[in-house]
Amino acid sequence: MHRTEPLTVLGDYSSNEDAIVVHPNDGFDLKLMTTEHPVEIYAGCSLDEFLSGAAEGIAGVIHLRNECRANTVELSSRTVERLGKPRQIVLVMQDGRLLLQPV
């Protein structure tokens with residue numbers, strides 16, 4: 001299991017719910033090296049539910065882009081609302097699954 005440091009959340013009305021954008025340095029914390037990586041996205045569940053497989057995720061893509069500021073994550077506004085509008089989240093990656101965990 002790999003995780004990022006807390007990342008500042010930026011909501012984007014034009015972004016799709018299945019897309020997450022981070023800076024490549026933050027992607028490196030998740031051991032991601034390619035610019036796009038397909039993942040199963042989990043939002044609104046606990047770490048225990050995520051690890052046990054009890055939660056349901058959606059198919060998505062995490063994009064590593066230099067245009068995204070370091071230590072930030074760009075999410076769709078709908079995802080930000082589903083998470084309770086947190087200021088920061090931690091991304092947790094395990095076996096191609098990505099948990100968005102509010103701090």
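Rules used throughout
- Residues numbered from 1 in each chain as written.
- Predicted model: local features only at pLDDT ≥ 70, side-chain atom pairs only at ≥ 80, totals over all residues.
- Heavy atoms only, no water.
- Phe/Tyr/Trp six-rings, centres within 6.5 Å; stacked < 30°, edge-to-face > 60°.
- Buried < 20%, exposed > 50% of the residue type's maximum accessible area, 1.4 Å probe, protein only.
- Salt bridge = Lys/Arg side-chain N within 4 Å of Asp/Glu carboxyl O.
- Helix = DSSP H or I, 4+ residues; strand = E, 2+ residues; numbered from the N terminus.

Some words on the packing of aromatic side chains
Per the counting criterion, the structure on display carries one aromatic pair. Residues Tyr42 and Phe50 carry aromatic rings whose centres are separated by 5.3 Å and whose planes lie at 75° to one another, so their mutual orientation is edge-to-face. Taking relative accessible area as the criterion, Tyr42 reaches 7% and is therefore assigned buried. What makes Phe50 buried here is its relative accessible area of 0%.

Things to note about the pattern of salt bridges
Per the counting criterion, the structure on display carries two salt bridges. Between Glu17 and Arg82 there is a salt bridge, with its nearest N and O atoms 1.9 Å apart. Here Glu17 is found in the loop between strand S2 (7–12) and strand S3 (19–22), whereas its partner Arg82 is found in helix H3 (residues 77–82), with 65 residues between them in sequence. Judged by relative accessible area, Glu17 falls into the partly exposed class, the value being 24%.

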